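Analysis of the macromolecular model
The primary structure of each chain is shown beneath.
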Amino acid sequence: MNLIHKNRLLRLLPWLALGGFIAFAAGEVWSQSRTNNTPPPDSKSSYDQISPVLLGQESFEAMMAKDKAGKEAITTRQRKLLEERYDLSVRSDPKVKMTRGKPIPVGPTAKLAAGQTWGQLATLSPEEIREKGLFPLGYLPLPHPNHPVGGMVFPQEEIKKLARLERFDLDFDLPDHFLPEFPPAIFLTSRKDLGDVSKGELVTVENYYRLFNGILNSKDMEGLRLLVSQFPQQQFNATADRKTDKPDGMRGVSCFDCHVNGHTSGATHLAGDIRPQSHRRRIDTPSLRGVYIQRLFGSQRALKSIEDFTEFEQRGAYFDGDILASAAKGVSPLERGSQVHFMAEFQELLDFPPAPGLGWDGKLNPAQFSADSPEMKGQKLFFGKARCAECHPAPFYTDNLMHDLSVERFYKPQVINGLTATAQGPIKTFTLRGLKESPPYLHDGRLLTLEDTVEFFNIVLELKLDADEKQALVAFMRQL
C-alpha cells in the first residue's frame, strides 16, 4: 500500500467506526423484541429519531407518497385545534407598527370557557381553575403542527422567498398576522448611525457581501457568510430520510433561515434535548437581536455562551439532538477557534431596534410621557404590582436567569395532538426589548399577542389586575 492510500485510509477510519456504531445502535433499536431481556418494540428509546427510511427499510418515494396523502388531515387537525383555542381574525392597531411598517396584532385572542370573563377567571385559585377545567385552551402548551414527526417548519411568507424551505409533508400553522414582519430590519451596535443595514432585503449568501462590504471587518464578514450558508439538517439533507423534494432544499438550512436577518421569522421546531418525542417542547424561534447582553442560550439548555449555542446547533440540534442521524445525514463540524468564533462575533453585533421613548436607563423618558399617561402608569405597574421587573429588570429587561412558572398548577396532564402537556420546567428569561416586533410570545408561541401575554401572567402570577391596569401594561411594553 503506497503512502497516499495509507493516509486516506487513516482519515476514513473514524468515519467507518462511527458508521459501524450507527448501524449497531440502529440495529439494537429495531431488534429490541428479539430477545427476552429487552423491552417490546413500542418502548421509548434515546435513538427514536432513527427512521426506517434511513435504515433502508422503506423507500423515499413510498414515504413521500404517504406523507403527501396525509398532509391534508394533519393540516385540518391543527387548524381545528387553533380555531378551538383562539380568535384568529385579523385585529391590529394602525398606530403601532414594527420597524418596517407591519401593524402589530391586538388581542387577547385566547377563548374563554362559556360564561367566563377575564376578570372572573383571575379571581379563582389555581386549584379551582384546574379542577373546573377553566384554564384557557390557548394558554396550554402549543403542539408542533405535526408533533409526532416534528422538525423545522417555516412560515408561508418566507417560503414565497425561499421555496427550498417548503416541506412536502406539512405547512406552518399560525396565520401571518401573528408573526414578525418579513424580512425584518437589521441594526448593528457598531454602526447605529446607519439604521437598518438590510435596506429592506432578505440577507442571503447571494447578497450578504454586497450589503455588508465596507461595514464589517473581514472576520465578521466570514462569520456572516457561515450564518447564511446551508448545512444539512434533519428534514433538509441529501439522504432518503428528508422532507423536501427540492434539490436546493437537500443542501440543508442556514442559521439565518430561522433567525431571518438576525431576528426571527417565527419558524418553529422541537427542543432537541427531551425524550420521548411526545414530551418535547415546541420552540418559537427567538430573536438574535441583543444577544450581546445575554448570558444563557437555549430556552431550557442554559448554554453559557453564544459560541456554545452556535456549535451545539450545528452538531446536534439541527438533527433533533441525535448525533447518529447527524453523522448519517452530513453534519459539518465547525472549527471552534475560527469559524464558530467568527459566527458568534457577528451575532454579538446585532442590536435591538430603536426605542425612542426610552431614556439611557431603559425606562420611559419623562420628557415624552406625562405622569398620567397610559405608558407611565404601565411602567409603574411593570416595576410594582405586576411584578414583571422581578424577572425582566431594566435596561435590557432580562435577569439572565431561568424560572419555573409551574403553569401545570392550572391544568391537568393531557395529550394534545401528540404533545404530552405536563410540567414544563424552568425556562430562560427572554429579553423584552423590541417586544412588539417578536410575536408570538412565550417559548412555544402559545401567546399570540401582548394582550394575551398580560392576561396569561395575570392568571399565573395571581396579580388581580383590573382592565385599565392591563391596558396600561400593554401600552408600556409597546415602548420597549
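Okay, so let's go over this structure.

Parameters and conventions
Residues numbered from 1 in each chain as written. Predicted model: local features only at pLDDT ≥ 70, side-chain atom pairs only at ≥ 80, totals over all residues. Heavy atoms only, no water. Helix = DSSP H or I, 4+ residues; strand = E, 2+ residues; numbered from the N terminus. Rg over C-alpha atoms; globule rule 2.2 N^0.38 Å. Contact = heavy atoms within 4.5 Å. Areas by Shrake-Rupley, 256 points an atom, 1.4 Å probe, with all protein chains shown as cover. Lys, Arg positive; Asp, Glu negative; His and termini not counted. Charge placed at Lys NZ, Arg CZ, Asp CG, Glu CD. Axes fitted to C-alpha atoms, helices over the stretch in contact; angles between N-to-C directions. Parallel < 35°, antiparallel > 145°, perpendicular 65-115°, else oblique. Left-handed = near helix turned anticlockwise from the far one by under 90°. Nonpolar A, V, L, I, M, F, W, Y, C, P; charged D, E, K, R; others polar. Salt bridge = Lys/Arg side-chain N within 4 Å of Asp/Glu carboxyl O. Buried < 20%, exposed > 50% of the residue type's maximum accessible area, 1.4 Å probe, protein only. Arc of directions from axis to C-beta. Polar contact = N/O pair within 3.5 Å; in protein donor to acceptor, adjacent residues only side chain to side chain. Core = buried A, V, L, I, M, F, W, Y, C linked by side-chain atoms within 4.5 Å.

**Here we look at the overall build of the protein chain**
Helix and strand counts for the protein chain stand at 14 helices and 8 strands. Computed over its C-alpha atoms, the radius of gyration of the protein chain comes to 24 Å, within 12% of the 23 Å expected for a compact globule of 480 residues. Principal-axis analysis of the C-alpha atoms places the extent of the protein chain at approximately 85 × 60 × 35 Å. Within the protein chain, residue pairs in contact and separated by at least 24 positions form 68% of the contacts whose partners lie at least 6 positions apart. Summing over all exposed atoms, the protein chain offers an accessible surface of approximately 21200 Å²; the carbon and sulfur share of this is 56%. Averaged over its 59 positive side-chain charges, the protein chain has a centre that lies 2 Å from the centre of its 60 negative ones.

**Things to note about the packing of helix α9 (residues 306–315) against helix α11 (residues 336–347)**
In the contact formed by α9 and α11, the axes pass within 9 Å of each other and the chain directions differ by 115°. Relative to α11, the element α9 lies roughly perpendicular. Where α9 crosses over α11, the two elements pack in a sense that is right-handed. Every residue of α11 that contacts α9 at I306, E307, D308, T310 and E311 is listed here: R336, V340, H341, M343, A344 and Q347. Residues of the contact of α9 with α11, tallied by class, amount to 4 nonpolar, 3 polar and 4 charged.

**Quick word on the pattern of salt bridges**
Evaluated as defined, the whole model comprises 34 salt bridges. Put simply, E166 and K246 hold a salt bridge, and the shortest N to O gap is 3.3 Å. Here E166 is found in the loop between α5 (156–161) and α6 (208–212), whereas its partner K246 is found in the loop between α7 (218–227) and α8 (255–258), with 80 residues between them in sequence. A single salt-bridge network, built from bridges that share partners, covers K68, E166, D245 and K246.

**Structural notes on α11**
Taken residue by residue, α11 has V340, M343, A344, F346 and Q347 as its buried positions. In an axial view of α11, the angular spread of the buried residues amounts to 165°, which keeps them on one side of the axis. Buried residues belonging to α11 abut α6, α7, α8 and α9. A side-chain oxygen of the first residue of α11 lies 3.0 Å from the backbone nitrogen of G337; this N-cap is E335.

**Details of the side chain of E375**
Positionally, E375 belongs in helix α12 (residues 374–382). Aside from chain neighbours lying at most four places away, what touches E375 is L364, F369, A475, F476 and Q479.

**Observations regarding the nonpolar core**
Within soluble globular proteins, side chains that are nonpolar tend to cluster in buried spots. The biggest cluster of nonpolar side chains holds 44 residues, and the ones touching the most others in it are F154, L188, F212, L216, L224, F256 and F346. Those elements that provide at least two residues to this core are α6, α7, α8, α9 and α11. Dropping the residues within four chain positions of it, L224 is found in contact with Y208, F212, L216, F256 and F346. Grouped together as the second largest cluster of nonpolar side chains are 43 residues, L140, C388, A389 and Y441 included.

**Some remarks on the side chain of H177**
Relative to the helices and strands, H177 resides in the loop between α5 and α6. With relative accessibility at 19%, the residue H177 sits in the buried group. Residues within four places of H177 in sequence aside, it is in contact with L88, S89, V90, K102 and P105.

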